[in-house]
Amino acid sequence: MANVSKKSLFRQLTTLALLLLATGAQAQRQFTLNLTDDGKAQMVCFLPEKPSGKAIVGVPGGGYSMLSNTHEGTLASGWLNERGIAYFVVNYRLPEGDRTKPIGDVEQGFRIVRDSAQAWGINPNDVGIMGFSAGGHLASVISTHSAYEVRPNFSILFYPVISMDERVSHVWSCRNFLGEGQKDPKLVRDFSTNNAVRRHLTPPACIIMSSDDNLVPPVTNGLTYYTAMRNAGNECAMFIYPTGGHGYGFGNWFPYHDEMLANLGKWLDARQSPKQDAVRVACIGNSITDGHGIDLATVNGYPAQLQKLLGDGYWVKNFGVSARTMLNKGDNPYMNEMAWRDALAFKPDVVIIKLGTNDSKPENWQYGAEFRQDLEQMITTLRPDLAETAKKGKKSKKTKQGSTEGTPKIYLCTPIPAFKPTWNINDSVIANAIIPIQQEVAKKYGLQMIDLHTLYAGDGNKMLSDGIHPDARGARRMAEIIAGELKK
């Protein structure tokens, strides 16, 4: 069954808006929306009297065979609304072997929440997901597999099913979600969501479990997700209570109910969302942008350091992926990555492109004749207006911010020096072949260059032992150089 049509949804939201205007402000406004035309999937909505801007989409558990949508659903509404958090419980369709049904229902819920954000007092960049048990698995699927537009900004996972390997997980959750796909090792691996965690792209998570849970083993489920997040350098917290078993949700019978709410409340309070009018900065690049070799790169990598230097008037996101090339025929083309799709969906105001280091390897530079066209493809995908501008030999009209109206300003960075020829990376190719092409392309499209190759040349003491990747001090230095150019 398809998701609810846009026309049907518009009628629902229009009627709802008129109703809320007629009834006036109330301590808690509750209403239900259909997510499918047949009403088999619905979303129960709880809007607080004094919205903080934060919202959470709730996903009940039930082993993908039923919905435990009271203590793992609506019971949380009062506590959340008192904190100013809007809450939306998705009563999704059960998969019955078709996993696209529950996934599609939760994604539709996210679309509605973000599309209605202004009317409901919500910051669309501060919408999280909270899932319980099998709903925790579904929440982790949305956090790792869904497109940027419907991916949450943070995740709360109560005693989640993570593994789809029924030998170490909840058997019926695995069978009900995957159906015949349970026989496909690739699907089992892909939807064991610890394998789908992506550095910088998977949202921060808070995991809540009990050590004595004998239904969904915490060691082979929630702990594996935490481990994957921590290994990726992503923000993740985990609270494991001595007793409590499984399935308590927000029920006050949980022995550590008060402690759990206190811990979860502090975690939520610590999450600072970007300002809605912040300048969006997308950092595109390879492992140097990604923060290879820097522990907790989400905090210490150059994009994170850039955020600190620029302040809360900016929203800097790291879209770096290790080992990637500008060349589409390289061994790991950047434009094939989820990070590239996310960077476009982010709708940045500023884009910092730092690629070329891995292209200098002989196995990649054998296709060097195509470097220019691939670089131009990236630029004109980000800025379609520049394709026509370049044909006419004109520069694009600039606004006060330095970018064409409604399009990002692009900064093209030269690679930092390769202080050692590790992994066949060739600084001579960088200096004598790649950088001249970048300079010519920047001139053709009227882009601003940041010459990191020159400006970072004296910072060889701020590198890891491989001579290719900056350490945390080097990341800070890169951020200082780039921040200086952005502030000009």
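Everything that follows concerns the structure shown earlier in this document.
Let us look at the structure shown here. Keep in mind that this is a model prediction, so the values were computed, not measured.

1. Points about helix 14 (residues 371–382)
Thinking step 1. In this model helix 14 runs 17 Å from its N-terminal to its C-terminal C-alpha over 12 residues, within 8% of the 16 Å that 1.5 Å per residue would give.
Thinking step 2. Phe-371, Asp-374, Leu-375, Glu-376, Met-378, Ile-379, Thr-380 and Leu-382 are the residues of helix 14 that are buried.

2. Observations concerning the side chain of Thr-407
Thinking step 1. With respect to the secondary-structure elements, Thr-407 resides in the loop between helix 15 (384–392) and strand 12 (409–413).
Thinking step 2. Since its relative accessible area comes to 17%, Thr-407 is described here as buried.
Thinking step 3. Side chain to side chain, Thr-407 and Arg-383 meet in a polar contact 3.2 Å long.
Thinking step 4. Ignoring any residue separated from it by four or fewer positions in sequence, one finds Thr-407 in contact with Asp-349, Arg-383 and Asp-385.

3. Some details on the pairing of strand 9 (residues 279–285)
Thinking step 1. With 6 of 7 residues buried, strand 9 is to be regarded as a mostly interior element.
Thinking step 2. Alignment of strand 9 against strand 10 (residues 314–320), held across 7 bridges, turns out to be parallel. Each bridged residue has a counterpart across the sheet, and for Cys-283 the counterpart in strand 10 is Asn-318.
Thinking step 3. Relative to strand 11 (residues 350–354), strand 9 runs parallel, the two being bridged by 5 bridges. In the sheet register, Val-281 faces strand 11, and the bridge partner there is Val-350.

4. Topic: the pattern of salt bridges
Thinking step 1. Summed over all chains, the structure comprises 23 salt bridges.
Thinking step 2. The shortest N-O distance in the salt bridge between Glu-370 and Lys-329 comes to 2.9 Å. Residue Glu-370 is found in the loop between helix 13 (362–365) and helix 14, and its partner Lys-329 is found in the loop between strand 10 and helix 12 (338–345); the two are separated by 41 residues along the sequence.
Thinking step 3. The exposure class assigned to Lys-329 is partly exposed, which follows from its relative accessible area of 47%.
Thinking step 4. One salt bridge in this structure joins Arg-477 and Asp-459, with 3.2 Å as the shortest N-O distance. Of the two residues, Arg-477 sits in helix 18 (residues 472–487) while Asp-459 sits in the loop between helix 17 (452–455) and helix 18, which places them 18 residues apart along the sequence.
Thinking step 5. Judged by relative accessible area, Arg-477 falls into the partly exposed class, the value being 26%.
Thinking step 6. Taken together, the shared-partner salt bridges connect Asp-459, Lys-462 and Arg-477 into one network.

5. Comments concerning unusual backbone geometry
Note: most residues except glycine have negative phi, and most peptide bonds are trans.
Thinking step 1. We note that Ser-133 has phi near 55°; this positive angle belongs to a residue other than glycine.
Thinking step 2. On the basis of relative accessible area, Ser-133 is assigned to the buried category, the value being 8%.
Thinking step 3. Of note, the phi angle at His-200 is positive, near 75°, even though the residue is not glycine.
Thinking step 4. Structurally, the position occupied by His-200 is in the loop between helix 6 (185–190) and strand 7 (205–210).

6. Considerations on the packing of aromatic side chains
Thinking step 1. With the rule as written, the count across this model stands at 22 aromatic pairs.
Thinking step 2. Ring centres of Tyr-241 and Tyr-256 lie 5.7 Å apart, and the angle between their planes is 20°; on these two criteria the pair is classed as stacked. Placement of the pair is Tyr-241 in strand 8 (residues 236–241) and Tyr-256 in the loop between strand 8 and helix 8 (257–270), with a sequence separation of 15 residues.
Thinking step 3. On the basis of relative accessibility, which here comes to 24%, the residue Tyr-256 falls in the partly exposed class.
Thinking step 4. Ring geometry for Trp-365 and Phe-371: centres 5.7 Å apart, planes at 55°, overall tilted.
Thinking step 5. The class of Phe-371 is buried, set by a relative accessible area of 0%.
Thinking step 6. Taken together, the ring pairs connect Trp-79, Phe-132, Phe-158, Tyr-159, Tyr-241, Tyr-248, Phe-250, Phe-254 and Tyr-256 into an aromatic cluster.
Thinking step 7. The cationic tip of Arg-175 hangs over the ring face of Trp-172; the distance from NZ or CZ to the ring centre is 5.1 Å.
Thinking step 8. Its guanidinium or amino end placed over the ring of Trp-267, Arg-271 lies 5.7 Å from that ring's centre, counting from NZ or CZ.

Rules of the game
Residues numbered from 1 in each chain as written. Predicted model: local features only at pLDDT ≥ 70, side-chain atom pairs only at ≥ 80, totals over all residues. Heavy atoms only, no water. Helix = DSSP H or I, 4+ residues; strand = E, 2+ residues; numbered from the N terminus. Expected span 1.5 Å × (residues − 1). Buried < 20%, exposed > 50% of the residue type's maximum accessible area, 1.4 Å probe, protein only. Polar contact = N/O pair within 3.5 Å; in protein donor to acceptor, adjacent residues only side chain to side chain. Contact = heavy atoms within 4.5 Å. Pairing = 2+ DSSP bridges. Salt bridge = Lys/Arg side-chain N within 4 Å of Asp/Glu carboxyl O. Phe/Tyr/Trp six-rings, centres within 6.5 Å; stacked < 30°, edge-to-face > 60°. Lys NZ or Arg CZ within 6 Å of the ring centre and 35° of its normal.

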